[in-house]
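# Examination of the molecular architecture
As a plain string of letters, each chain reads:
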Amino acid sequence: MQAEREEWPDLSYPAWRETLASLHLWTQIVGKVRLSLTPWVNHSWQVPLYVSARGLTTSTMPIARELLELEFDFVSQRLVGRSSRGEERSFALVPQTVADFYGRVRELLAGLRFAVSINERPSELPQPIPFPEDRVHAAYDAGAAHRFWRALIRIDPVLKLFRTGFIGKVSPVHFFWGSFDLAVTRFSGRPAPPHPGGIPGLPDAVTREAYSHEVSSAGFWPGNAAAPRAVFYSYAYPEPAAFREQAVPPGANYDPALGEFVLPYETVREAADPEGMLLDFLIRTYAAAADTGAWDRAALEAPARVRPVG
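Residues numbered from 1 in each chain as written. Predicted model: local features only at pLDDT ≥ 70, side-chain atom pairs only at ≥ 80, totals over all residues. Heavy atoms only, no water.

Here we come to the side chain of Asp134. Secondary-structure assignment places Asp134 in the loop between helix H3 (98-111) and helix H4 (142-163). No salt bridge is formed by the buried Asp134, whose closest oppositely charged neighbour, Arg135, lies at an N-O distance of 8.3 Å. At 2.9 Å, the side chain of Asp134 forms a polar contact with the side chain of His137. (Helix = DSSP H or I, 4+ residues; strand = E, 2+ residues; numbered from the N terminus. Buried < 20%, exposed > 50% of the residue type's maximum accessible area, 1.4 Å probe, protein only. Lys, Arg positive; Asp, Glu negative; His and termini not counted. Salt bridge = Lys/Arg side-chain N within 4 Å of Asp/Glu carboxyl O. Polar contact = N/O pair within 3.5 Å; in protein donor to acceptor, adjacent residues only side chain to side chain.)

Below you can see the structure in the form of structure tokens.
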């Protein structure tokens, strides 16, 4: 069990909350570059970042008949920009204000000979400070950011395995920089009632399009000041009657404030089989949504598939 704890790093929220706040805003700047350059895909699937072998990446983005990629490299602790022209620019991930980080991103893009304009106001945050004006958030602990990424590389494969058990419409495993979570979403195929909206810094029209159809969504969230702990979560929209009363694995519970089933990251980290516990949580909470929501499970599901060795 000790070896498993070492592989699943400590993510105590109080220990890295200031770094998390800065990194959240830094990822928004990079994510908004992707938002600016990438054609629209349903449910905002064109905007997220993805877990990579070194950190978090935009994947390739089209610009000026070339391709651009930006990557948070948490191994070398640099933000790296690469173009299909063969050019590469980078700068160090060190303690710096959001304003300074934003300026360096602009310099990096100019060094790659690309001009990109973004909305400079953070999304999905109360009382946001425009990036060029934010000299409040400046903390960065490289070790904490590295541990966060090491947690993501344990979680990402489990979410991807869970994804294979569904042959209906299902999202890729996305890292959404607005809410700062790693998520995968399954769809029943039926339209949903209009979402009430009201998410700070996110137009209601975007929220309503994201939740245009019934979903069961699950993922990982590192916490914030209002809910200061890392958790795995699972929710349904719209929430069916009796959904919150369904049985879930030991250690998990329904959080009425969040409107979600939650399983603390620390509980998974300390388990004898962390991946197995997480997968069980994902499967059982999805089943709670599908059963109480009367999804056509026979038509939508398939056995989870693992590629044979060799």
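Let us look at the packing of helix H2 (residues 13-37) against H3. At a closest axis distance of 10 Å, the pairing of H2 and H3 adopts a crossing angle of 30 degrees. As far as their axial angle goes, H3 and H2 are roughly parallel. With respect to the hand of their crossing, H2 and H3 are arranged in right-handed fashion. Facing Leu25, Trp26, Ile29, Val30 and Val33 of H2, the residues of H3 in contact are Val98, Phe101, Tyr102, Val105 and Leu109. Classifying every residue of the contact of H2 with H3 by side-chain character gives 10 nonpolar, no polar and no charged. (Axes fitted to C-alpha atoms, helices over the stretch in contact; angles between N-to-C directions. Parallel < 35°, antiparallel > 145°, perpendicular 65-115°, else oblique. Left-handed = near helix turned anticlockwise from the far one by under 90°. Contact = heavy atoms within 4.5 Å. Nonpolar A, V, L, I, M, F, W, Y, C, P; charged D, E, K, R; others polar.)

The next point concerns the pattern of salt bridges. Using the criterion set out here, one finds 16 salt bridges in the structure. Its salt-bridge partner being Arg113, residue Glu87 comes within 2.7 Å of it at the nearest N-O pair. With Glu87 in the loop between strand E5 (78-83) and strand E6 (88-92) and Arg113 in the loop between H3 and H4, this residue pair connects regions lying 26 residues apart in the sequence. Using a relative accessible area of 52% as the deciding quantity, one classes Arg113 as exposed. As a salt-bridge pair, Lys160 and Asp156 come within 2.8 Å of each other at their nearest N and O atoms. You can see Lys160 and its partner Asp156 sitting in helix H4, four residues apart, about one turn around the helix. Owing to a relative accessible area of 42%, Lys160 belongs among the partly exposed residues under this scheme. A network of salt bridges, in which partner residues are shared, links Glu69, Glu71, Arg82 and Glu88.

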